[in-house]
Amino acid sequence: MSLKTFSCRGLLKLLNHGVVTSSKPQRARDAAAAVLGRSSARGYYNYGKPRYTGAAHVTVVDLRSDTVTKPGPAMRQAIAEAEVGDDVMGEDPTVNELQKIAADMFGMEAALFVPSGTMSNLIAVMVHCRERGDEMIVGDLSHLHIYEQGGSAQLAGVHATTVTTLPDGTFDLEQLESKIRHGYPDPHYPRSRLICVENTHNIQGGRVLPLAFLHEVRALADRYGLSVHMDGARVMNAAVVQGVPPSTILQHTHTVSVCLSKGLGAPVGTMLAGPQDFIARAVRCRKALGGGIRQAGILAAAGKLSLLDMVGRLEEDHRNAKTFAQALLDCDPPLFAVDMAAVETNILRFRIEEPSLSPSEFCARMGQVCEGEEAALGQGIKVLMYPHFGNSVRAVWHLGISLEDTQLAIQKMQFVASQYLKEKLRDQ
């Protein structure tokens, strides 16, 4: 069977299973959306887990997200040996210790262990926006606005108004100020209560918010009596890049939500931190949302290891992402577009310059082993990535991906690019 025949049949199979969705109308929609900087797709979660064609000797390099990390032996041992108690009663010593560690690290008065980042952000909105119908201001490409099911409106009764998310994850401050409501209790308008920022910024490719921007946002919020909440799921990545403790970043916010999973490697958990009275109210909201866990120290033990031992290693993820990004740029002839200045942390977004190769098709090719690959590379390699916003591809590095894995991903990318260009030449 020729490579060309295999590729066509393999991609047809993927099309039939709903994995590859490229078509001329879809490409036209994607191209139009790319001009606007917004994809016609709402994100990457709707693509599902790739279906593969088989090979005898296969290495999988999973770059879909840093949420796929798994606890290592030291973390599993900490979980097994955790001292526990009833956390809903405030009696779990491991949870209490974790909360103290987080509060001190973040420069906050108190912290609360919460099962997930989505719940943590929702609790923050519920506490800051105390009355149904209050309003928060969020970036139009923020995780809180796009990927959390509209929980702020659905469950908290909080209205959202959006500002345009700039390529570096920031906002235009004049536009932000224009979104603040005035004249409360005018019966026509909601009451502005909260500004939400995201650091690092997921959709914009792991961008780190400048400290000067955060300082200006906080000054603006203070001027109008608003609060600032940071969705800091990956704020530890930002701290590593900026070479500062997280408290230096978080001094410009009232509250923060920090994931223990993702690059820090815990299987479960997020820390919500802020003033003591904020956390007291957050405990009530967590209970109402079903987030009160009894012997939660089993999970908190992993979180302690994340904060104390795993932050320094994030720099490795950043280096590996840059290594892959540079390999994309070095592809000859040029097939990929990458803004190296935007590759700051562990998230990489890149575009494909060849109009006839869609992000969906490229990801499908990266996620399957085709004929001749084992002979060319010495093994089959499946690299899992997602098509993403703005007609781009997203890849994320994490503790499960070593430099050696990154080199394998580069080999696979180069092989896919070479095979695609050969097919294109044959078809001309």
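For the structure, check the block above.
Just so you know, the residues in each chain are numbered from 1, in the order the chain's sequence is written. Residues qualify for local features only when their pLDDT is at least 70, as the model is predicted, and side-chain atom pairs are given and counted only at 80 or more; totals for whole chains, interfaces and linings, by contrast, use all residues. Hydrogens are left out, water is left out, and the side-chain values use all remaining heavy atoms of the structure.

> Where do I start with helix H4 (residues 93-106) in this structure?
One turn of the α-helix equals 3.6 residues, which is why residues spaced by three or four share an orientation. In this description a helix means any DSSP run of H or I spanning at least four residues, a strand means any run of E spanning at least two, and both kinds are numbered starting from the N terminus. By this rule, a helix spans an expected 1.5 Å times one less than how many residues it contains. A rise of 1.5 Å per residue sets the reference length of H4, with its 14 residues, at 20 Å; its end C-alpha atoms lie 20 Å apart and thus fit the reference within 8%. Those residues of H4 that sit buried are Thr94, Val95, Leu98, Gln99, Ile101, Ala102, Ala103 and Phe106. Here a polar contact is recorded for every N or O atom pair within 3.5 Å, except that within protein the pair must consist of a potential hydrogen donor and a potential acceptor, and residues adjacent in sequence are included only if both atoms are side-chain atoms. At the N-terminal end of H4, a side-chain oxygen is found 3.0 Å from the backbone nitrogen of Thr94, two or three residues along, and the residue is Asp92. With its phi angle positive at about 70°, Gly107 sits one or two positions after the end of H4. Only protein chains enter the accessibility calculation, which uses a 1.4 Å probe; a residue is then buried when its area is under 20% of its type maximum, exposed when over 50%, and partly exposed in between.

> I'm lost on the packing of helix H3 (residues 73-80) against helix H13 (residues 297-309) in this one. Help?
Each pair of packed helices can be described by the angle between their axes along with the distance between the axes. Whenever a helix is involved, its axis is fitted only over the stretch in contact; in every case the axis is a line through C-alpha atoms, and angles between N-to-C directions fall within 0 to 180 degrees. One can describe the packing of H3 onto H13 by two numbers: an axis separation of 7 Å at closest approach and a directional angle of 140°. Judged by the angle between their axes, H3 and H13 are oblique. Relative to H13, H3 is oriented so that their crossing is right-handed. Judged by residue contacts, Ala74, Met75, Ala78 and Ile79 of H3 engage Ile298, Ala301, Ala302, Leu305 and Ser306 from H13. Angle categories: roughly parallel below 35 degrees, roughly antiparallel above 145, roughly perpendicular from 65 to 115, and oblique for all the rest. Two helices that cross are described as forming a left-handed crossing if the nearer one is turned anticlockwise from the farther one by less than a right angle, and a right-handed crossing if clockwise. The contact definition used throughout considers only heavy atoms, calling two residues in contact when any of these lie within 4.5 Å.

> Before we go on, may I ask you to explain the pairing of strand S8 (residues 270-274) in this structure?
Side-chain direction in a regular strand flips from residue to residue, so the side chains alternate between the two faces of the sheet. Within S8, five of the five residues are buried, leaving the element largely enclosed by the surrounding structure. Every second residue of S8 is oriented toward a common face, with Thr270, Leu272 and Gly274 on one face and Met271 and Ala273 on the other, all of them buried. As defined by bridge partners, strand S2 (residues 110-114) adjoins S8 across five bridges and the pair is classed as antiparallel. When the bridges of S8 are listed, Phe113 appears paired with Met271. In the sheet, strand S7 (residues 255-259) pairs with S8 via four bridges, with the strands oriented antiparallel. By the bridge assignment for S8, Ser257 is matched with Leu272. We treat two strands as partners when DSSP finds at least two bridges between them.

> Explain the packing of helix H15 (residues 359-366) against helix H17 (residues 403-427) here, please?
In contact at an axis separation of 10 Å, H15 and H17 are set at 120° when each is read in the N-to-C sense. Viewed along their axes, H15 and H17 adopt a mutual orientation that is oblique. For the pair H15 and H17, the sense of crossing is right-handed. Residues Glu361, Phe362, Arg365 and Met366 of H15 lie in contact with H17, whose contacting residues are Ala409, Lys412, Met413, Val416, Tyr420 and Glu423. Looking at side-chain class alone, the contact of H15 with H17 contains six nonpolar, no polar and four charged residues. Put simply, Ala, Val, Leu, Ile, Met, Phe, Trp, Tyr, Cys and Pro go in the nonpolar bin, Asp, Glu, Lys and Arg in the charged bin, and everything else, Gly too, in the polar bin.

> Is there a simple way to explain the pattern of salt bridges in this structure?
Between side chains of opposite charge, a pair can form as their charged atoms come close. For this document, the term salt bridge refers to a Lys or Arg side-chain nitrogen within 4 Å of an Asp or Glu carboxyl oxygen. Evaluated as defined, the whole model comprises 19 salt bridges. Linking Asp66 and Arg234 is a salt bridge whose minimum nitrogen-to-oxygen distance equals 2.7 Å. Of this pair, Asp66 sits in the loop between strand S1 (58-62) and H3 while Arg234 sits in the loop between strand S6 (227-231) and helix H10 (235-242), placing them 168 residues apart in sequence. Taken as a pair, Asp66 and Arg234 share a single burial class, namely buried. With its nearest N and O atoms 3.0 Å apart, the salt bridge here joins Glu373 to Lys412. Separated by 39 residues along the polypeptide, Glu373 in helix H16 (residues 373-377) and Lys412 in helix H17 bring together distant segments of the chain.

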